[in-house]
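Chain residues, written in single-letter form:
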Amino acid sequence: MIANIVHISLNARGGGERLAVATIKAISTMGIDVELSTVEKPDMPLIHDAYGTSVSEDIKKVRTLNILQKYSPRNYNLTVNTHGDMLPFYDKDFTKKNAITYCHYPIARYLIDCGDPDYSAVLQNMCPLGMTPAFRNGYHDAVRSAYIKMMLNSTVLTNSEFSRKAIFKTFGVDSTILPPPVDVDIFHNACLASNIRDDSILVISRFHPSKKIENAIHLAKLLRQNEVGVCMNIVGNMLPDGIGYFNYLNDLVRHYGLEDFVRFEINVRFDRLLSLMRRSKVYVHPLPGEPFGISTVEAMSAGIIPVVPDIGGHTEFVPARYHFHTYGEGVQAVAAALAAPASERIKLSQSTQKYSVTNYIKKFQQILVEVMDIGRKHLESTPVISLSKRQPESMTT
C-alpha cells in the first residue's frame, strides 16, 4: 500500500508543515509506504531541527509537484493533500475513499477568482514548463476547476467549526473537523509554573499585512489611556519583504506616543520567546477571522490568558469573557485576563491537551480506518508518536 502526501514545501516549517509531518508519521507508522509530492526538495536537517523528529526514514520517494500532473490511480492507494487551503491538486480518479484534502480555510478559491498576483506567481511555479500561449490563457480556468473538483471528490478535513461553515458555504461540502497538531507540552512544561509574571501583554505574529498587527497597536493605545497593563511585546519573524509593513507599524506606534509601551522583537530565538511567555499574563490575537489560532493554543498551554476577536475558530476554545468586538471591549477583556487567578491559567493550559500532536495522529489514523477503510489491521499495533518541537509555529506563520 502506497500513500502520496502533497504539500507545496515542507521547508517553511510553520503550522501547515507540522501538520504535514504529523500526517506522514501517522501514515508511515501504520505500515503504509509514503511518497511526497512537493515543489521544493525537503531540507531534512532543517525539518528535524524545527520539529525534533526526522521524516527522512518515513518518505520512500520525493516527486516534483505539478498541480496539473496526471498519474495512474494504480500508483497510490491514498492521496493526502495537506495544503488544501492553497494547493489545487486533482486527479479524475479521486474519490472520498482514496483522497483526503486538509483545508485550513478555502482561501485559494477566493485568490483564484480575484486573480491575486502573489498567488498567481505561486501557481506559475507549479505549472508545466514550456506552456503554449493558448494553454497559459486557460491555465487559471483549469486551476479553478481542479480546486473545485478536488474539494467535491475527496474527504475534506478542516481545523474548526468556523472553517467547516466556510467550506460548506463555498462548496456545499460537509467537512470533518480535525484540529491541527500543536506541541503543547513544550510550552506547558517550560512556562506554566512561572512565578515571575507581571502585567505584560504578548502578541506573536509574523510581520505581514495579512496578520493585522496594527489592530494590537490600536488596542494598546486604549490600554495605555486606561492604565491597563505595563507593556505590550509584539514578537515574530520577518522576511525581507516585510520591512515596509514593519516601518508602518513603527510609525503608528510613534503617532500614538507608545514608544515606552509597545516593544517589537524580530526573529527572536526560541529560548527568548519562552522567557517572554513566562513573564506574560495576557496573549492578544489581533486578527479577526483566524481559522484556528495555533499561537493562541500555544499561549494557553503556557499559562497565558488569551484575548481574541469574537470572529474566528479561536472562539471555540477561548472562554467568551475573553472575546472582543470593539477595542473598548478588548480593554475590558485584557483587564479581566490580567486579574485571572492562577487556577484559571492551569485550567486553560490543561484544556489544550486535546490539540496535542499525539491526539492528531491518533484521530487521523481513526479517520483512515473508519471513513476510508485503510490500514485497519495496522492500527491496534501502531506505536504512539509525538513530535518534540524546537521552533514555534507562531513565529513562522
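Residues numbered from 1 in each chain as written. Predicted model: local features only at pLDDT ≥ 70, side-chain atom pairs only at ≥ 80, totals over all residues. Heavy atoms only, no water.

A.B. asks: Lay out the sheet that holds strand E9 (residues 231-236) in plain terms, naming residues and giving numbers.
C.D. replies: Here 6 strands make up an open sheet; going across it, the order is E10-E9-E8-E11-E12-E13 and the pairing parallel. At either margin of the open sheet sits one strand with a lone partner, and together these are strand E10 (262-266) and strand E13 (323-324). Most of the contacts of helix H13 (residues 327-338) go to strand E12 (residues 305-309), to which it runs at about 170°, and overall it touches strand E8 (200-204), strand E11 (282-284), E12 and E13. (Pairing = 2+ DSSP bridges. Helix = DSSP H or I, 4+ residues; strand = E, 2+ residues; numbered from the N terminus. Contact = heavy atoms within 4.5 Å. Axes fitted to C-alpha atoms, helices over the stretch in contact; angles between N-to-C directions.)

A.B. asks: Could you give me a rundown of the packing of helix H4 (residues 117-124) against helix H6 (residues 139-152), with the residues and numbers involved?
C.D. replies: Running from N to C, H4 and H6 cross one another at 90°; their axes reach a closest spacing of 12 Å. Overall, the two elements H4 and H6 adopt an arrangement that is roughly perpendicular. Across from Ser-120, Leu-123 and Gln-124 in H4, the residues of H6 making contact are Tyr-139, His-140 and Val-143. Taken together, the residues of the contact of H4 with H6 sort by class into 3 nonpolar, 3 polar and no charged. (Parallel < 35°, antiparallel > 145°, perpendicular 65-115°, else oblique. Nonpolar A, V, L, I, M, F, W, Y, C, P; charged D, E, K, R; others polar.)

A.B. asks: Tell me about empty space enclosed by the protein, and name the residues and values.
C.D. replies: Taken as a whole, this structure holds 2 cavities of 30 Å³ or more when the rule is applied. In this structure, the second largest cavity spans a volume of roughly 30 Å³. If you go around the second largest cavity, the residues you meet are Thr-79, Asn-81, Phe-89, Phe-94, Ala-99, Ile-100, Thr-101, Met-150 and Ser-154. The leading source of residues in the lining of the second largest cavity is strand E5 (residues 99-102), at 3 residues. Here the residues of the lining of the second largest cavity sort into 5 nonpolar, 4 polar and no charged. (1 Å grid on protein atoms, 1.4 Å probe; cavity = no way out; pocket = protein on both sides within 12 Å on 5 of 7 lines; lining within 4 Å. Points joined across faces, edges and corners; volume = space filled by probe spheres on them.)

A.B. asks: Please give an account of unusual backbone geometry that cites residues and values.
C.D. replies: Located in the positive-phi region is Glu-227, a residue other than glycine, with phi close to 55°. Residue placement: Glu-227 occurs in the loop between helix H9 (214-225) and E9. Phi is positive for Asn-267, which is not a glycine, with a value near 50°. For Asn-267, the position within the fold is in the loop between E10 and helix H11 (270-279). Residue class for Asn-267 comes out partly exposed when judged on its relative accessible area of 44%. (Buried < 20%, exposed > 50% of the residue type's maximum accessible area, 1.4 Å probe, protein only.)

A.B. asks: Explain the nonpolar core residue by residue, including any values.
C.D. replies: Ranked by internal contacts, the top residues of the largest apolar core, which has 45 residues, are Leu-223, Met-232, Ile-234, Val-262, Phe-264, Val-307 and Val-334. Excluding its chain neighbours within four sequence positions, the residues that come into contact with Met-232 are Ile-201, Val-203, Ala-216, Ala-220, Leu-223, Phe-261, Val-262 and Arg-263. (Core = buried A, V, L, I, M, F, W, Y, C linked by side-chain atoms within 4.5 Å.)

A.B. asks: Outline the sheet that holds E5, listing residues and values.
C.D. replies: Strand order in the open sheet made by the 7 strands is E3-E2-E1-E4-E5-E6-E7, with parallel pairing throughout. A single partner strand is all that each edge strand has here, and the edge strands are strand E3 (59-64) and strand E7 (176-177). Strand direction decides the pairing type here: strand E4 (residues 78-81) and E5, joined by 3 bridges, are parallel. Its bridge partner being in E5, Thr-79 is matched across the sheet by Ala-99.

A.B. asks: Any chance you could break down H9 for me, citing the residues and the numbers?
C.D. replies: Along its 12 residues, H9 runs 17 Å from first to last C-alpha, staying within 8% of the 16 Å computed at 1.5 Å per residue. Here H9 has its buried residues at Glu-214, Asn-215, Ala-216, Ile-217, His-218, Leu-219, Ala-220 and Leu-223. Buried-residue contacts for H9 involve E8, E9, helix H10 (243-256), E10, E11 and H13. Two residues or fewer after H9 comes Glu-227, characterised by a positive phi angle close to 55°. (Expected span 1.5 Å × (residues − 1).)

A.B. asks: Outline the pairing of E4, listing residues and values.
C.D. replies: Side chains of E4 alternate between two faces, with Leu-78 and Val-80 and Thr-79 and Asn-81 buried alike. Pairing geometry for strand E1 (residues 2-6) and E4, over 4 bridges, is parallel. What sits directly across from Ala-3, in E4, is Leu-78.

A.B. asks: Give a description of the side chain of Asn-159 that names residues and reports values.
C.D. replies: When you line up the elements, Asn-159 lands in the loop between strand E6 (155-158) and helix H7 (161-171). For Asn-159, a relative accessible area of 3% corresponds to the buried category. At 3.1 Å, the side chain of Asn-159 and the backbone oxygen of His-104 are in polar contact. A distance of 2.7 Å separates the side chain of Asn-159 from the side chain of Ser-163, its partner in a polar contact. Non-local contacts of Asn-159, meaning those with residues more than four positions away in its chain, are made with Tyr-102, Cys-103, His-104, Ile-177, Leu-178, Pro-179, Pro-180, Pro-291 and Phe-292. (Polar contact = N/O pair within 3.5 Å; in protein donor to acceptor, adjacent residues only side chain to side chain.)

A.B. asks: Which residues make up the pattern of salt bridges, and what values do they have?
C.D. replies: Following the criterion strictly, the structure yields 17 salt bridges and no others. We note a salt bridge from Asp-93 to Lys-92, for which the minimum N-O separation is 3.2 Å. Relative accessible area serves as the criterion here: at 28%, Asp-93 is assigned to the partly exposed category. Where Arg-144 meets Asp-141, a salt bridge forms, and the shortest distance between an N and an O atom there is 3.0 Å. Note that Arg-144 and Asp-141 are positioned in helix H6 at a spacing of 3 residues, about one turn of the helix. You can call Arg-144 partly exposed: its relative accessible area is 24%. (Salt bridge = Lys/Arg side-chain N within 4 Å of Asp/Glu carboxyl O.)

A.B. asks: I'd like a description of the layout of surface pockets, backed by residues and values.
C.D. replies: There is about 160 Å³ of room inside the second largest pocket. Tallying contributions element by element places H9 first for the lining of the second largest pocket, with 3 residues.

A.B. asks: So what's going on with the pairing of E3? Which residues, and what values?
C.D. replies: Relative to E3, strand E2 (residues 33-38) runs parallel, the two sharing 5 bridges. Each residue of the ladder has a partner; that of Ser-37, found in E3, is Arg-63. Between E2 and its parallel partner E3, the chain crosses via helix H2 (residues 44-51), and the hand of that crossover is right-handed. (Right-handed = clockwise from strand over helix to strand, strands pointing away.)

A.B. asks: So what's going on with the packing of aromatic side chains? Which residues, and what values?
C.D. replies: Using the criterion set out here, one finds 13 aromatic pairs in the structure. Chaining the aromatic ring pairs together yields one cluster made of Phe-89, Tyr-90 and Phe-94. (Phe/Tyr/Trp six-rings, centres within 6.5 Å; stacked < 30°, edge-to-face > 60°.)

Purely geometric stuff here, so don't read any function into it on its own.
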